[in-house]
Amino acid sequence: MKAAASKEDGDKKRRAAHVSAYAWMMQEMEKMMRWEDNVRKVVPYTPGEQPGDRDIIKLNTNENPYPPAPGVMEALREIRPEDYSLYPDPDASLLRQSLADYHGVSKEQVFVGVGSDDVLAIAFLTFFNGKEPILFPDITYSFYDVWAELYRIPYMTRPLREDFTIDPADYKADCGGVIFPNPNAPTGVLESLAVVEEIVSANPGVVVIVDEAYIDFGGISALPLLSNYENLLIVRTFSKSRSMAGMRIGYAVGNEKLIGYLNDVKFSFNSYTMNLPSLRCGAASIADEAYFQENLQKVIATREWTKGELSRLGFTFADSKSNFIFASHGKVPAKELFEALKEAGIYVRYFGKPRIDNYLRISVGTDESMRRLISFLERYIENR
Ligand code: PMP
């Protein structure tokens, strides 16, 4: 009897220990869940691949195939070791002043950041704080909805027309702000200054951001509108037309009040966004207009040649005024081409999203890269 009772006791104790271990584990798990409840969960932007392999033909991130102006390399060589031990100028005066002189505005009208992604992210945080949703096209730079989600800014997309142009009537509504690239990405379609002005003038109560990342490749800038519209912010980058994606320089031009607000936000989280090499190299790039124009003309000429060849192979595309072509083939699905190209070491971009899942975005590289792309496509399409 006694032995049986003590066995029962032992079982009870073991069960109790088990139960309390389980309760403890549940409590710990609950704690973990609690901190995870407070995490700002976001689906991040997916940048194009940057494979280390130098042998590939890289036409997937709209970089410029030519080097930056020679003065940029010179500016780098002139930095002395002791320059690195000091903080850079928080006001970024050298770069802001050279951009101001270049565009014929005051330094107080120029804001600079670590690539235009940085400038745009700060602009979203600074200007898009209304209750109404901000508006942007359904097919556009895929970072806009990521920032909106990150900052919890309500947003609505407006469908581009079938030919990928913007219908300005879509932007005549109560909203918290407007943003669109001109030329648009990934379509390459340029809107006229009249369309841009129609959208800016229809929205005097909110900030309209025109993202001119690709404007230098044949577009007409909205800069002349700045004197008439205090709600207009123009954002630009050194990554494409100035061959300096690796240096990370972007900027915004607007009226002094807008730029002042951007600076207040910037100085509220990092005074020294622009490092010393960026400031000096950026100014050196601006100083060499002849090199800049020559470089642009080369990219534009290659783009036009590539358009002709793609048409010959049965591709269709809207008329791109950027450094990429957004093309669709009449017979071969884009995804198949994307994979075949990648297999052959030619990287282009494929988005697989509604309305554009049969398109490839092909950046304009050197003449040689484009010849190799075309000859691969020609062979592939013929032998399929
Ligand atoms: N805007 C658009 C429309 C772009 O395509 C890009 C490049 N991904 C950017 C802004 C950002 O470029 P960056 O940060 O290199 O200036």
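Throughout this description, residue numbers start from 1 for each chain and increase along the sequence as written. This being a predicted model, a pLDDT of at least 70 is required before a residue's local features are given, and a value of 80 or more before pairs of side-chain atoms are given or counted; all residues contribute to the totals for chains, interfaces and linings. To get the side-chain values, take all heavy atoms of the structure and skip hydrogens and water.

A. Spatial organisation of the domain arrangement of the protein chain. By convention here, the domain bounds are inherited from an automatic or database domain assignment. The domains assigned to the protein chain are domain 1 (57-63 + 290-383) and domain 2 (70-287). Each of domain 1 and domain 2 has a C-alpha centre, and the two are 26 Å apart. Summed over both partners, the accessible surface that disappears when two parts come together, traced with a 1.4 Å probe, is what is meant by buried area. Summing both sides of the interface, domain 1 and domain 2 together bury roughly 2000 Å²; the carbon and sulfur share of this comes to 62%. Any carboxyl oxygen of Asp or Glu within 4 Å of a side-chain nitrogen of Lys or Arg constitutes a salt bridge here. On the surface where domain 1 and domain 2 come into contact, there are 2 salt bridges. The partner of Arg355 in a salt bridge is Asp138, and the shortest N-O contact between them spans 2.8 Å. Contacts described as polar in this section are N or O atom pairs within 3.5 Å, which, within protein, must combine one atom able to donate a hydrogen with one able to accept it, while residues neighboring in sequence count only if both atoms come from side chains. In this structure, the connection of domain 1 to domain 2 is made through 7 residue pairs in polar contact (both at pLDDT 80 or more). Taken together, the elements giving at least two residues each to the side of domain 1 that touches domain 2 come down to helix 9 (289-312) and strand 10 (324-329). For the side of domain 1 that touches domain 2, the leading source of residues is helix 9, giving 7 residues. Each residue gets one label: Ala, Val, Leu, Ile, Met, Phe, Trp, Tyr, Cys and Pro are nonpolar, Asp, Glu, Lys and Arg are charged, and the others, such as Gly, are polar. Split by residue class, the side of domain 1 that touches domain 2 holds 11 nonpolar, 6 polar and 7 charged. Numbering of helices and strands runs from the N terminus; a helix is a DSSP stretch of H or I covering at least four residues, while a strand is a stretch of E covering at least two.

B. Seen up close, the packing of helix 4 (residues 115-127) against helix 5 (residues 144-151). Inter-axis angles, ranging from 0 to 180 degrees, are taken between N-to-C directions of lines fitted to C-alpha atoms, where helices are fitted over the stretch in contact. At their nearest, the axes of helix 4 and helix 5 sit 10 Å apart, and the two run at 45° to each other. Overall, the two elements helix 4 and helix 5 adopt an arrangement that is oblique. The chirality of how helix 4 crosses helix 5 is right-handed. Residue-level inspection shows Asp117, Leu120, Ala121, Phe124 and Leu125 of helix 4 in contact with helix 5, the latter providing Tyr144, Trp147, Ala148 and Tyr151. Here the contact of helix 4 with helix 5 is built from residues that sort into 8 nonpolar, no polar and 1 charged. Here the word oblique covers every angle except those under 35 degrees (roughly parallel), over 145 (roughly antiparallel) and from 65 to 115 (roughly perpendicular). In this scheme the handedness of a crossing depends on how the near helix is turned from the far one: anticlockwise by less than a right angle means left-handed, clockwise means right-handed. Whether two residues are in contact is decided by their heavy atoms, any of which lying within 4.5 Å being enough.

C. Structural view of the sheet that holds strand 10. Spatially, 3 strands are ordered 9-10-12 in an open sheet, and the strand pairing comes out antiparallel. The open sheet has two edge strands with one neighbour each: strand 9 (315-317) and strand 12 (360-363). On average, each strand axis in the sheet is tilted by 45° relative to the strand beside it, whichever way the strands run. Here 3 bridges tie strand 9 to strand 10, and the two strands are oriented antiparallel to one another. Along strand 10, the bridge assignment pairs Thr316 with Ser328. Against the sheet, helix 10 (residues 334-343) engages strand 9, strand 10 and strand 12, with an angle of about 40° to strand 12. With respect to the sheet, helix 11 (residues 367-383) is in contact with strand 9, strand 10 and strand 12, its orientation differing from that of strand 12 by roughly 150°. Pairing between strands is defined by DSSP: at least two bridges between the two strands are required.

D. Looking closely at the packing of helix 3 (residues 93-103) against helix 8 (residues 276-287). Remark: helix 3 packs on helix 8, axes separated minimally by 8 Å, with the N-to-C direction vectors making an angle of 20°. In terms of axis orientation, helix 3 runs roughly parallel to helix 8. When the axes of helix 3 and helix 8 are compared, the crossing they make is left-handed. Contacts between helix 3 and helix 8 involve Leu94, Leu95, Ser98, Leu99 and Tyr102 from the first element and Ser278, Leu279, Arg280, Gly282, Ala283 and Ile286 from the second. Considered class by class, the residues forming the contact of helix 3 with helix 8 number 7 nonpolar, 3 polar and 1 charged.

E. Looking closely at a nonpolar patch on the surface. To count toward a patch, a residue needs a relative accessible area over 30% and no salt bridge; like charges are then connected within 9 Å, while nonpolar side chains (Val, Leu, Ile, Met, Phe, Trp, Tyr) are connected within 5 Å. Only the protein chains shown count as cover for residues, and all accessible areas are computed by the Shrake-Rupley method using a 1.4 Å probe. A cluster of nonpolar side chains, Tyr22, Trp24, Met25, Met26 and Met29, forms an exposed patch at the surface whose accessible area comes to about 550 Å². Within the secondary structure layout, Tyr22 lies in helix 1 (residues 2-37).

F. Representation of unusual backbone geometry in the model. Cis geometry marks the peptide bond from Asn182 to Pro183; its omega dihedral reads -5°. For Pro183, the position within the fold is in the loop between strand 5 (178-181) and helix 6 (193-201). Residue Ala185 is joined to Pro186 through a cis peptide bond whose omega torsion reads 10°. Residue position: Pro186 is located in the loop between strand 5 and helix 6. One non-glycine residue, Arg248, lies in positive phi territory at about 60°. Here Arg248 is to be found in the loop between strand 7 (232-237) and strand 8 (250-253).

G. Layout of the packing of aromatic side chains. Planes of paired rings set the category: under 30 degrees apart is stacked, over 60 is edge-to-face and the rest tilted, where pairs are Phe, Tyr or Trp rings (Trp by its six-membered ring) whose centres lie within 6.5 Å. Applying the stated criterion across every chain yields a total of 20 aromatic pairs. Ring centres of Phe124 and Phe128 lie 5.0 Å apart, and the angle between their planes is 70°; this geometry places the pair in the edge-to-face category. The two residues Phe124 and Phe128 agree in class, both being buried. Note on Phe136 and Tyr155: the rings are 5.4 Å apart at their centroids and 15° apart in plane angle, and the pair reads as stacked. Relative accessibility under 20% of the residue-type maximum defines a buried residue, over 50% an exposed one, and the middle range a partly exposed one, all with a 1.4 Å probe and only protein chains included.

H. Quick look at the environment of Met29. Secondary-structure assignment places Met29 in helix 1. The exposure class assigned to Met29 is partly exposed, which follows from its relative accessible area of 43%. On a C-alpha basis, the gap between Met29 and Leu94 in space is 53 Å, while along the polypeptide they are 65 residues apart.

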